Amino acid sequence: MIELCQPPDPLPRTPALKCPPGATDCHVHVYGPAARYSVANTRAFDVPEALPSTLKDLLDTLGIDRVVLVQPSGYGTDNQRHLDALSEVVRPARMIASLRADVSDAELERLHGAGVRGIRYTIGHAGAAPLDEMPEMARRIAALGWHVQLHVMSDGGRTPLVEMQRALSSLPVDVVLDHVGSVRPSEGINQPSFNALLELLETGRCWVKLSAAYRVAEAPPYAEMKPFVDAMLAVNPERLLWGSDWPHVAFKGRMPNTTDLLDQMLTWVPDESTRTRILVDNPARLYGF
């Protein structure tokens, strides 16, 4: 039986952080209505409705002007739900799609016109686009100025970022790592995966999302992650992004209030000019807002 995961907190608060104009949430998903958008048979869980209208209200409350919609595993490689949401969130929006290698060049051009700016690969999810297609797809999307986005799931003690570091560095496009590469603070600042992430970040062709700390740390403002954020800031603050990861799917702990995930940036990045770079300037450069 496929489990229904818990919904997000429905009552976001006005944040303590006053967002600068152009602030961007670089990682959200939407779901439903189920009668219109069919989920993939390969999904690992079901998600309560998380409609674009609800997302719009959340972003209004947070003071977020722009948004990046990310194709989730629950829809496999059927991108229609998120393509439609691009116009439904009522603000400048971009999308990261999940595509197979048989996609035509004409379809890539159409998707670019719709607002797609990258393709996502997920380690650890059935139904995701296979990693062995990534080099060929990276070659094809390079001319469009797109990037490859990688979600590294916890994978039985392996270190996928270490194993893939050379391959990722050789791609002809930039790479975006979801959720700080899913590093776990309990494994320490010198863990091999985080060292690989820093080396990738230092190249200037890798971007890292400061997102989903609630999955690996205890409670807002997720102070366990502060040394990792400090290390990334020291290496390349121009390649850091922020994302809420709304609606926080498949999370079994105490559901955070999404406002806390924005306000954590006051602790993580206390310098206002650096926060503005992360919230506004970096995503504007990467996604072409």
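Residues numbered from 1 in each chain as written. Predicted model: local features only at pLDDT ≥ 70, side-chain atom pairs only at ≥ 80, totals over all residues. Heavy atoms only, no water.

A. How the structure looks around the overall build of the protein chain. Along its length, the protein chain carries 9 helices and 8 strands. Over its C-alpha trace the protein chain gives a radius of gyration of 17 Å, about what one expects of a compact globule, namely 19 Å for 289 residues. The 289 residues of the protein chain split such that 55% are buried. Within the protein chain, counting contacts between residues at least 6 apart in sequence, those at least 24 apart form 78% of the total. (Helix = DSSP H or I, 4+ residues; strand = E, 2+ residues; numbered from the N terminus. Rg over C-alpha atoms; globule rule 2.2 N^0.38 Å. Buried < 20%, exposed > 50% of the residue type's maximum accessible area, 1.4 Å probe, protein only. Contact = heavy atoms within 4.5 Å.)

B. Structural view of the environment of P52. Within the element layout of this structure, P52 appears in helix α1 (residues 52-62). For P52, a relative accessible area of 5% puts it in the buried group. Residues P52 and H29 lie 23 residues apart in sequence; the distance between their C-alpha atoms is 8.8 Å. When residues no more than four places from it in sequence are discounted, the contact partners of P52 are V30, R81, A85, E88 and V89.

C. Region of interest: the side chain of S193. When you line up the elements, S193 lands in helix α6 (residues 192-202). Beyond its immediate sequence surroundings of up to four residues, S193 is in contact with T159, L161, V162 and V183.

D. Layout of the pairing of strand β1 (residues 24-28). Extensive coverage of β1 is indicated by the burial of 5 of its 5 residues. Summarising the sheet, β1 and strand β2 (residues 66-70) pair through 3 bridges and their orientation is parallel. Bridging from a neighbouring strand, T24 pairs with R66 of β2. One crossover worth recording links β1 to the parallel β2 by way of α1, and it is right-handed. (Pairing = 2+ DSSP bridges. Right-handed = clockwise from strand over helix to strand, strands pointing away.)

E. Focus on the side chain of D178. Looking at where D178 falls in the secondary structure, it is placed in the loop between β6 (175-177) and α6. Of the polar contacts made by the side chain of D178, one reaches the side chain of R120; its length is 2.9 Å. Leaving out residues up to four positions away in the same chain, D178 has contacts with H27, R120, Q149, L150, H151 and K209. (Polar contact = N/O pair within 3.5 Å; in protein donor to acceptor, adjacent residues only side chain to side chain.)

F. How the structure looks around the pairing of strand β3 (residues 93-97). With 5 of 5 residues buried, β3 is to be regarded as a mostly interior element. What you see with β3 is no split at all: A93, M95 and A97 on one side and R94 and I96 on the other are buried throughout. Direction of pairing for β2 relative to β3: parallel, over a ladder of 4 bridges. If you follow V67 over to β3, its bridge partner there is A93. Crossover connection from β2 via helix α2 (residues 80-88) to parallel β3: handedness right-handed.

G. How the structure looks around helix α4 (residues 134-141). If you check which residues of α4 are buried, you get M134, M137, A138, R140 and I141. All buried residues of α4 fall inside an arc of 165° around its axis, so they share one side. On its buried face, α4 is in contact with α3 (105-114), β4 (116-123), β5 (147-152) and α5 (160-169). (Arc of directions from axis to C-beta.)

H. Expanded view of unusual backbone geometry. Residues G32 and P33 are joined by a peptide bond in cis, for which omega reads -5°. Structurally, P33 is set in the loop between β1 and α1. At V90, a residue that is not glycine, the phi angle is positive and equals roughly 55°. Mapped onto the elements, V90 comes out in the loop between α2 and β3. With relative accessibility at 56%, the residue V90 sits in the exposed group. For A250, which is not a glycine, the phi torsion comes out positive at approximately 55°. With respect to the secondary-structure elements, A250 resides in the loop between β8 (240-242) and α8 (258-268).

I. Local environment of the packing of aromatic side chains. If you walk through the whole model with that rule in mind, you get 4 aromatic pairs. Between the aromatic rings of F194 and F228, the centroid separation amounts to 4.9 Å while the plane-to-plane angle is 75°, which identifies the pairing as edge-to-face. Of this pair, F194 sits in helix α6 while F228 is found in helix α7 (residues 226-235), placing the two residues 34 residues apart along the sequence. Of the two residues, F194 and F228, both sit in the buried class. Centroid distance Y287 to F289: 6.2 Å. Interplanar angle 55°. Geometry classified as tilted. Owing to a relative accessible area of 1%, Y287 belongs among the buried residues under this scheme. (Phe/Tyr/Trp six-rings, centres within 6.5 Å; stacked < 30°, edge-to-face > 60°.)

Keep in mind that these numbers describe shape and distance, not what the molecule does.
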